[in-house]
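Residue-level structure breakdown
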Amino acid sequence: MTSLLSRNLSVVIRPVQHRDLDGIERLIQESFAAQTPKGSGDAMRQMQSMRRWYGLLKFLSWFPNPLQYGLCAYVAEQGRTLLGTIQVSPFNRTHSTWRVERVVLERATDKQGIGSQLLRHCFESILEARTWILEVNVNDKDALALYRRNGFQRLAQMTYWEIEPELLQELAQAEPDLPNLLPVSNADAQLLYQLDTASMPPIVRQVFDRNADDFKTSLSGALTEAVKQWLTKTEVVSGYVFEPQRKAAIGYFQVRLDRKGQQPHVGTLTVNPAYTWLYPELLSQLARIAQDFPPQSLQLTSADYHPEREEYLERIGATRTEHTLMMSRSVWHKQRESKFVSLEGIQLPEMLQGLQPAHKPIPGGMSWTPPKQKRQPAPERVQPNPPQDNVSFSCNNSMEACQPETTDSSQQE
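All values reported here derive from a predicted model rather than from experimental measurement.

The 12 strands lie next to each other as E1-E2-E3-E4-E5-E12-E6-E11-E10-E9-E8-E7, forming an open sheet whose pairing is mixed. With partners counted over all chains shown, the strands left at the sheet margins are strand E1 (12–15) and strand E7 (181–182), one partner each. Packed on one face of the sheet, helix H8 (residues 189–198) meets strand E8 (234–243), strand E9 (248–258) and strand E10 (265–271) and runs near 95° to E9. Against the sheet, helix H12 (residues 307–316) makes contact with strand E6 (153–163), E10, strand E11 (298–303) and strand E12 (319–330), and its axis sits at roughly 25° relative to E6, the strand it touches most.

Take a look at the structure:
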């Protein structure tokens, strides 16, 4: 009876609520059990953070702020059964590109059908998004089939590396040759944007759709980041290498360090393709910074359009931990047409029908003076005749004067 009832109930897509957190945590544990520990650990940490700060994130989602989309998640529900969930977030400052953080589905359900409903609900409800991106493990065949079914295509292949603490200590012994290493501020946003543009192929640059504002930090964003670092016991260090001759940034790094020593340090590297010799120098700088914190491994990422970085990390003995595919999809929302507002729908010939000439105009000279009217000769004053005579007027044509004709009454008789 229960199975028949569940079949007749439709699937409802709605925003996540507090009562869904237990079911979402169960789905995450079941879905990530067969995957890498990295993916499972990241998902569980984000789930715990959502559970802890659900009330605050729900309040912050009502007005613009850096954490407005921290709780942008939806669930698929049939009756009282949780079938799946999806979490999304904006990728750039203009919100033209959005990122699918994760799609988690119940094992016993139709994953392709429910997953497609969750994805399409996001595509249709978030109208400001023009492009969607995501990362999926290359070994997750079900997820790859789901995303390809919904229009996602391969953009780049990502490789995650891990450098052990012993190797970091060895790299820290080398003195980095970085004479123009500067701290990052909002005044350097344009330089970092140019570096980011030069470090990726045009198709990736078009999908990311970043501008200089994406490399700036607002006051509220700085306060939010400071509170986040204090709560998570982490510290973020960043810097860039300036080239005085070209007046451009040629290298950039950022590392998030765990002060408790429980999680690996996470680093980000951006290098101009013409200055690949910076990889050993920047990595030595990261290793020296990490020596002031509890010994942990360092995680880095490389894309298939960074072959020099992958070769260097493989040469020094870094370990590959995961391979993912970055995929993208474009969304074009149809605008409702309006016949009365759109200028394209206005037909000028129909509107100006009364102003069009009725006949074909005859070419000729144009004069601004009115034409002279021909003067008609004044009619002669007729003298009264005797009553017995009849007078009649005959006019041959308009150019001749009318002459009176007199006949005798006797002739008429």
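Side chains bearing opposite charge may pair, as long as their charged atoms lie close to each other. One pass over the full model with this rule turns up 16 salt bridges. In this structure, Arg 51 and Glu 25 form a salt bridge, with 2.7 Å as the shortest nitrogen-oxygen distance. Residue Arg 51 is located in helix H3 (residues 37–52), and its partner Glu 25 is located in helix H2 (residues 21–31); the two are separated by 26 residues in the primary sequence. Here Glu 135 and Arg 99 are joined by a salt bridge, their closest N and O atoms 3.4 Å apart. In this pair, Glu 135 is assigned in strand E5 (residues 131–137) and Arg 99 in strand E4 (residues 97–105), connecting sequence segments 36 residues apart. One continuous salt-bridge network, built from bridges that share partners, spans Arg 14, Arg 19, Asp 20 and Glu 77.

This brings us to the environment of Glu 162. Tracing the backbone shows Glu 162 in strand E6. Each C-alpha atom of the pair Glu 162 and Pro 264 lies 8.8 Å from the other, and the pair is 102 residues apart in sequence. The contact partners of Glu 162, leaving out residues within four places of it in the chain, are Ser 297, Leu 298, Ala 318, Thr 319 and Thr 321. At a separation of 2.6 Å, a polar atom in the side chain of Glu 162 contacts the side chain of Ser 297.

Let us now look at the environment of Val 204. For Val 204, the position within the fold is in helix H9 (residues 202–208). Classification of Val 204 as buried rests on a relative accessible area of 1%. Along the sequence, Val 204 and Ser 328 sit 124 residues apart, while their C-alpha atoms lie 9.4 Å from each other. Look past the residues within four positions of Val 204 in its chain and what remains in contact with it is Leu 155 and Tyr 305.

As a further point, take the state of the cysteines. Summed over all chains, the structure comprises 0 disulfides. Of all cysteine sulfurs, the one in Cys 122 lies closest to Cys 72, which takes part in no disulfide; the gap is 6.8 Å. In this structure Cys 122 comes out as buried when scored by relative accessible area, which is 1%.

What follows deals with the nonpolar core. Counting residues in hydrophobic clusters, the biggest one holds 30 residues, and the most contacted among them are Ile 163, Leu 283 and Leu 313. Every element with two or more residues in this core is listed here: E6, helix H7 (165–172), E9, E10, helix H11 (278–290), E11 and H12. Looking at this core, the element that brings in the most residues is H11, giving 8 residues. Ile 163 has contacts with Leu 168, Leu 283, Ser 297, Leu 298, Leu 300, Leu 313, Ile 316 and Ala 318, leaving out every residue within four places of it along the chain.

What follows is about the side chain of Glu 281. Checked against the element boundaries, Glu 281 lands in helix H11. In this structure Glu 281 is buried but unpaired, with Arg 288 as the nearest side chain of opposite charge at 9.5 Å. Apart from the residues within four sequence positions on either side, Glu 281 is in contact with Glu 175, Pro 176, Asp 177 and Leu 178.

Across the 6 residues of E11, 5 count as buried, placing the element largely inside the fold. The sheet contact formed by E10 and E11 spans 2 bridges and is parallel. Directly across from Val 266, in E11, lies its bridge partner Gln 299. Note that the unit made of E10, H11 and E11 has a crossover that is right-handed.

What follows deals with the pairing of E6. Sheet topology places E6 next to E12; 9 bridges connect them, and they run antiparallel. Its bridge partner being in E12, Thr 159 is matched across the sheet by His 323. Bridge analysis of E6 against E11 gives 6 bridges, and the strand direction is antiparallel. Within the sheet, the bridge partner assigned to Thr 159 lies in E11 and is Ser 302.

Procedures and definitions
Residues numbered from 1 in each chain as written. Predicted model: local features only at pLDDT ≥ 70, side-chain atom pairs only at ≥ 80, totals over all residues. Heavy atoms only, no water. Pairing = 2+ DSSP bridges. Helix = DSSP H or I, 4+ residues; strand = E, 2+ residues; numbered from the N terminus. Contact = heavy atoms within 4.5 Å. Axes fitted to C-alpha atoms, helices over the stretch in contact; angles between N-to-C directions. Salt bridge = Lys/Arg side-chain N within 4 Å of Asp/Glu carboxyl O. Polar contact = N/O pair within 3.5 Å; in protein donor to acceptor, adjacent residues only side chain to side chain. Buried < 20%, exposed > 50% of the residue type's maximum accessible area, 1.4 Å probe, protein only. Disulfide = S-S within 2.5 Å. Core = buried A, V, L, I, M, F, W, Y, C linked by side-chain atoms within 4.5 Å. Lys, Arg positive; Asp, Glu negative; His and termini not counted. Right-handed = clockwise from strand over helix to strand, strands pointing away.

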